[in-house]
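Residue-level listing of the chains:
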2 protein chains.
Amino acid sequence: MDTIKPLDLENETTDFIEWLSKMGENSEGGITRLLYTDVWKQTQEALKELLKGKGFIAYYDEVGNLFARLEGSTFKDETILTGSHIDTVVNGGKLDGQLGIIGGIIAMEYLKDTYGQPIRNIEVVAMAEEEGSRFPFTFWGSKNIIGSVNREIVAELKDEDGVGFIQAMHNAGFDFKNSKIREDLKAFIELHIEQGGVLEIEKKSIGIVEHIVGQKRYMIEVEGEANHAGTTPMGYRRDAMNGTSRMISEIMDLAVNYGDPLVATVGKVEVVPNTTNVVPGKVIFSLDVRHTNKDVMIKFTDEVIEKLKDIASKLDLKISINNYMDGEPVAMDSNLVNTIKEQCEAKAINYKLMHSGAGHDSQIFAEHIPTALIFVPSHKGISHNPAEFTEAKDLVEGIKVLIETLYNLAYK
Amino acid sequence: MDTIKPLDLENETTDFIEWLSKMGENSEGGITRLLYTDVWKQTQEALKELLKGKGFIAYYDEVGNLFARLEGSTFKDETILTGSHIDTVVNGGKLDGQLGIIGGIIAMEYLKDTYGQPIRNIEVVAMAEEEGSRFPFTFWGSKNIIGSVNREIVAELKDEDGVGFIQAMHNAGFDFKNSKIREDLKAFIELHIEQGGVLEIEKKSIGIVEHIVGQKRYMIEVEGEANHAGTTPMGYRRDAMNGTSRMISEIMDLAVNYGDPLVATVGKVEVVPNTTNVVPGKVIFSLDVRHTNKDVMIKFTDEVIEKLKDIASKLDLKISINNYMDGEPVAMDSNLVNTIKEQCEAKAINYKLMHSGAGHDSQIFAEHIPTALIFVPSHKGISHNPAEFTEAKDLVEGIKVLIETLYNLAYK
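What you are looking at is a predicted structure, and each value in this text was computed from that prediction instead of being measured.

**With respect to the packing of aromatic side chains**
Counted by the stated rule, this structure contains 32 aromatic pairs over all chains. For the pair Tyr 407 of chain A and Tyr 411 of chain A, a centre-to-centre distance of 5.2 Å together with 15 degrees between the ring planes defines the contact as stacked. Assigned by exposure class, Tyr 407 of chain A and Tyr 411 of chain A land together as buried. Both rings, one in Trp 140 of chain B and one in Phe 165 of chain B, keep their centres 4.8 Å apart while their planes meet at 80 degrees; by these two values the pair is edge-to-face. Of the two residues, Trp 140 of chain B is situated in helix H4 (residues 140-146) and Phe 165 of chain B in helix H6 (residues 165-171); the sequence distance between them amounts to 25 residues. Phe 165 of chain B matches Trp 140 of chain B in its accessibility class, with the two residues each being buried. Among the aromatic side chains, those forming a connected cluster through ring pairs are Tyr 36, Trp 40, Tyr 60, Phe 135, Phe 137, Trp 140, Phe 165, Phe 174 and Phe 176 of chain A. Across the ring face of Phe 56 of chain A, the terminal group of Lys 112 of chain A is positioned such that the distance to the ring centre comes to 4.8 Å.

**Quick notes on helix H10 (residues 334-346) of chain B**
All names here are of chain B. Here H10 spans 18 Å end to end across 13 residues, near enough to the 18 Å set by a 1.5 Å rise per residue. What H10 keeps buried is the set Leu 336, Val 337, Ile 340, Gln 343 and Cys 344. All buried residues of H10 project into a common sector of 125 degrees when viewed along the axis, lining one side. Pointing more than 90 degrees away from the buried face of H10 are the exposed residues Asn 335, Glu 342 and Ala 346. In this fold, the buried residues of H10 make contact with strand S5 (185-193), strand S6 (206-212), strand S15 (351-356), strand S16 (371-376) and helix H12 (392-410). Positive backbone phi, at 55 degrees, marks Ala 348, one or two positions downstream of H10.

**Details of the environment of His 170 of chain B**
Residues and elements named next belong to chain B. Considering the arrangement of structural elements, one finds His 170 in helix H6. With a relative accessible area of 42%, His 170 lands in the partly exposed category. C-alpha of His 170 to C-alpha of Ile 399: the two residues are 229 residues apart in sequence and 35 Å apart in space. Among the polar contacts listed, one links the side chain of His 170 to the side chain of Asp 175, at a separation of 3.4 Å.

**Considerations on the interface of chain A and chain B**
Between chain A and chain B, the residue contacts involve 54 residues of the former and 54 residues of the latter. With both chains or domains summed, chain A and chain B bury close to 4300 Å², and 55% of this area falls on carbon and sulfur atoms. The largest contributions to the chain A side of the interface with chain B come from Met 234, Tyr 236 and Thr 276 of chain A, which together make up 15% of the buried area. Scanning the region where chain A abuts chain B turns up two salt bridges.

**Some points on the nonpolar core**
Counting 81 residues, the largest nonpolar core has Tyr 36, Leu 47, Trp 140, Phe 165 and Ile 206 of chain A as the members making the most contacts within it. With residues near it in sequence (within four places) discarded, Tyr 36 of chain A still touches Val 63, Arg 134, Trp 140, Phe 165, Ala 168, Met 169, Ala 172 and Phe 174 of chain A. The next biggest cluster of nonpolar side chains, apart from the first, holds 79 residues, and it includes Ala 58, Phe 176, Ile 189 and Ala 410 of chain B.

**A short note on the domain arrangement of chain A**
Residues and elements named next belong to chain A. Along its sequence, chain A is organised into domain 1 (9-212 + 329-410) and domain 2 (214-327). Using only C-alpha atoms to locate each centre, domain 1 and domain 2 end up separated by 37 Å. The interface of domain 1 with domain 2 comprises six residues on the first partner and nine residues on the second. With both chains or domains summed, domain 1 and domain 2 bury close to 500 Å², and 64% of this area falls on carbon and sulfur atoms. The three residues of domain 1 that bury the most area against domain 2 are Pro 329, His 355 and Gly 357, which together make up 79% of that side's buried surface. Between the two partners, domain 1 and domain 2, sit zero salt bridges. Taken together, the connections running from domain 1 to domain 2 amount to one residue pair in polar contact (both at pLDDT 80 or more).

Rules used in this analysis
- Residues numbered from 1 in each chain as written.
- Chains lettered and ligands numbered in written order.
- Predicted model: local features only at pLDDT ≥ 70, side-chain atom pairs only at ≥ 80, totals over all residues.
- Heavy atoms only, no water.
- Phe/Tyr/Trp six-rings, centres within 6.5 Å; stacked < 30°, edge-to-face > 60°.
- Buried < 20%, exposed > 50% of the residue type's maximum accessible area, 1.4 Å probe, protein only.
- Helix = DSSP H or I, 4+ residues; strand = E, 2+ residues; numbered from the N terminus.
- Lys NZ or Arg CZ within 6 Å of the ring centre and 35° of its normal.
- Expected span 1.5 Å × (residues − 1).
- Arc of directions from axis to C-beta.
- Contact = heavy atoms within 4.5 Å.
- Polar contact = N/O pair within 3.5 Å; in protein donor to acceptor, adjacent residues only side chain to side chain.
- Buried area = accessible area lost by both parts, 1.4 Å probe.
- Salt bridge = Lys/Arg side-chain N within 4 Å of Asp/Glu carboxyl O.
- Core = buried A, V, L, I, M, F, W, Y, C linked by side-chain atoms within 4.5 Å.
- Domains from an automatic or database assignment.

Structure follows, in structure tokens:
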């Protein structure tokens, strides 16, 4: 493939983002586009019309994933899929999810206009849902494409207003998937914003994801005894906050000691009774641990648990540790990673091999077909917020990498 | 004075407590008796009737402190005062405050019945207010007796329902004090529960207070940067909770290192945004420091502040420290402490020389006249709670010590 011609990709990209962002726009300048809502359906319908206008075959699957297809000439049962999710969190930004759809459409159109028909099919997908923001279930779109969906679990789900999942799905004109799992899908490529600050800090335009981290979450309850702050000598205290502070320091030290890509976060801390003049009787805190390697994650959390129990025992505190979430790391396809890496090197693009600390549709696909996840920088790491921002030149760099990757997969 | 005769002091005391506790009793088994409320007035009136029935002169001062007087024979311008406050916190117990009034009345009656007229006047006072539970102003009763009251400050105060302090005072039939400060008061003796667990743990019946601690309170704000828990490597974090945990550990270590009677408490911790998967951007926490020696307290807090700033600086966090309360320690009268100590030794009473970590009316009197504060144990240190409890034998021991102290002051 030649160097991508100096089309006005930058204006096309930013105009497309602004156009799509009008759908679900709220008064705070963000986007709220929750699964199967009216505005969600209007967005998918608008995209479908746009895609037909561009000359692509556009169609839904049963659950509402929207596909646009460019037929291949030779390997008609082989499809290269790109795209991302169309839903947002409440008051989300203009890039999380939809950048991957916009990028995919621009890329497919560019390839068609420049190189004509590919030898394999190319499809772009605007997936129904990834965020879990309306119903407490994530990756509804990708799980349906790849077949690993649990009909029973979603059947009982309700949104904040008490509307059931199935009712919402029916209202939007969709239903459970009944068709067979597609066997033509040979690769999935997702373009996404980093949602972290690493690329910006390290001045890289492209992140090539090697792993999506696994995640373990805990709620930890430390119990001592609430006492009068004035009348209880230090030696007679069983101060749950004193214990908790030592536990948090220990967790942080151990995490730094393990080194990247391990991250450990104590984000939530609730003190009881939480009064200036009472020695804390109880503290409940969260622990979120992520790593790309399952064994390292287990080793780390085992070590943490042992250390926390030690601290509790030394300070005469009770401790209970509840591991309420356990997600395994997922590797992206190493051949695809290498291909994209070589592309970047050939074009002297500033790239970084990295991991994703957040979850993405790619992790669902990666368990079934070769999958790649391409990041562009997030300004200050901000995401799930109207302030989400990536410089236009980086957006374009990401789309160029996507174009070249699709070319390598569908034209050669 | 002879050994106090085996009167049935125990039944008298517990019956008196039960009788008085009916006034202001709530459905949770506690007492709510806030300054100048109807139930507060009814309580003072019931006490006044009771005292008159026992043959004492009973009278109010202008603000509603209720006095009962036993006239002395010789030194008619010298009065020994005992008592405590009649108000409670919301849903308080049966001992905080009113035990000192009940003990005083029983003691005065016992002395009158056993030894007749004293040479100095004895008075028992049921002080209007100490807790600051209706209006944000404490020690209203004792400050009026001793003259150090600020009329301007209370004039603007309102309770939770928007009722003004002066209006409440007028409704109860009282007004600001206009009479001169009494010059006849020669000593004040207060019997009170410990409100801490030291006497119970150390198996002592009596605490003789040498100092009431000074108190410094701070609100400390630690500011870092809120970031995604998954996508922000440990090295790129400015985690306010990480910093706070190290600060709390440092404060606790330093407090233990300084030793008794220093206590330092971080009772309140607020994390922002307080979400499992977000690195904390801000933490606001309280620090309460108490000690009997002003200079030690200053040295300690200076050292703490320096250490906290060090930690903040090392972790690239901003810190702001607001010292919003600053109360100096108060010494009780050393002659009275010695007298009571000798009494206890002569009667082989298990006593402890100690400090009070909580504030009491005694600290107001102590700045003007010789003052003593006598503690009896609090079961598990519980106070300001319906579960406040002291064994009857210890209540009686406290009253006996009070009787003997008043005897020494008013009969010799």
